[in-house]
Amino acid sequence: MSDQVLSALEHFLARWQRDGEASRGLPLCEWEADWRSPCQLGEPADGRVAWRPHHRPEPADFTAMAAALELTIHPGAIALFGHWFSRPIPCLFKGLRLELILPWNEADLDLLRENLIGHLLMLRKLKRAPSIFIATTRNEMTLISLDNESGQVWLEWLDSGRRLPLAPSLPTFLERLETLPQ
């Protein structure tokens, strides 16, 4: 499963870069001296810096997070979050605009882990099945999430717990993403 996720993610990121750079050049983001990333390219100009997704030399470790939750984290989520640094990636899934979540740097990965722990604890308290958010939508009460048990990808409403299936697996979801240049 992890290899399939990594392959689908690499193909999507390559498409996103190719399509975006062909139409607009390298994406730019605000430059923050205390929030650097290996994604950043060159020196900042006018308070902005060019960037590209960056493959991590070593995958991130989610063992402590899993132990703290007493939960086996779906290997697809570990593959998605553990191998790349990036800004959120704007894209479409069947016409739904979303932003695929990836950590920008090590500190952002720590924040992501904390947010995932909070999300999973909230679901546990509400007696809902564990899910791991992987993308945001324009509506702050809906997320794209990975079912931690089945590996299916869902559109999930946080306020009601309602879920709409989007894809049978994370690799299938990633393969069906359409690029939106930043």
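Residues numbered from 1 in each chain as written. Predicted model: local features only at pLDDT ≥ 70, side-chain atom pairs only at ≥ 80, totals over all residues. Heavy atoms only, no water.

1. Concerning helix α4 (residues 106–125)
A rise of 1.5 Å per residue sets the reference length of α4, with its 20 residues, at 28 Å; its end C-alpha atoms lie 29 Å apart and thus fit the reference within 8%. Leu109, Leu112, Arg113, Leu116, His119, Leu120 and Leu123 are the residues of α4 that are buried. Summarising the axial view, the buried residues of α4 lie within an arc of 130°, below the 170-degree limit, and thus occupy one face. Summarising the geometry of α4, the exposed residues directed more than 90 degrees from the buried face are Glu114 and Lys125. The elements touched by buried residues of α4 are α2 (63–69), α3 (75–82), β8 (131–137), β9 (142–147) and β10 (153–157). Two or three places before Ala107, at the opening of α4, Asn105 has a side-chain oxygen 3.2 Å from that residue's backbone nitrogen. Of the residues flanking the end of α4, it is Lys127, one or two places downstream, whose phi is positive at about 60°. (Helix = DSSP H or I, 4+ residues; strand = E, 2+ residues; numbered from the N terminus. Expected span 1.5 Å × (residues − 1). Buried < 20%, exposed > 50% of the residue type's maximum accessible area, 1.4 Å probe, protein only. Arc of directions from axis to C-beta. Contact = heavy atoms within 4.5 Å. Polar contact = N/O pair within 3.5 Å; in protein donor to acceptor, adjacent residues only side chain to side chain.)

2. Points about the pattern of salt bridges
As enumerated under the stated definition, the model contains seven salt bridges in all. Measuring nitrogen to oxygen at the nearest pair gives 2.8 Å for the salt bridge that ties Arg113 to Asp110. Taken together, the residues span about one helical turn, with Arg113 and Asp110 both in helix α4 at a distance of three residues. The partly exposed category is assigned to Asp110, whose relative accessible area is 38%. One connected set of salt bridges, linked through shared partners, spans Asp147, Glu156 and Arg163. (Salt bridge = Lys/Arg side-chain N within 4 Å of Asp/Glu carboxyl O.)

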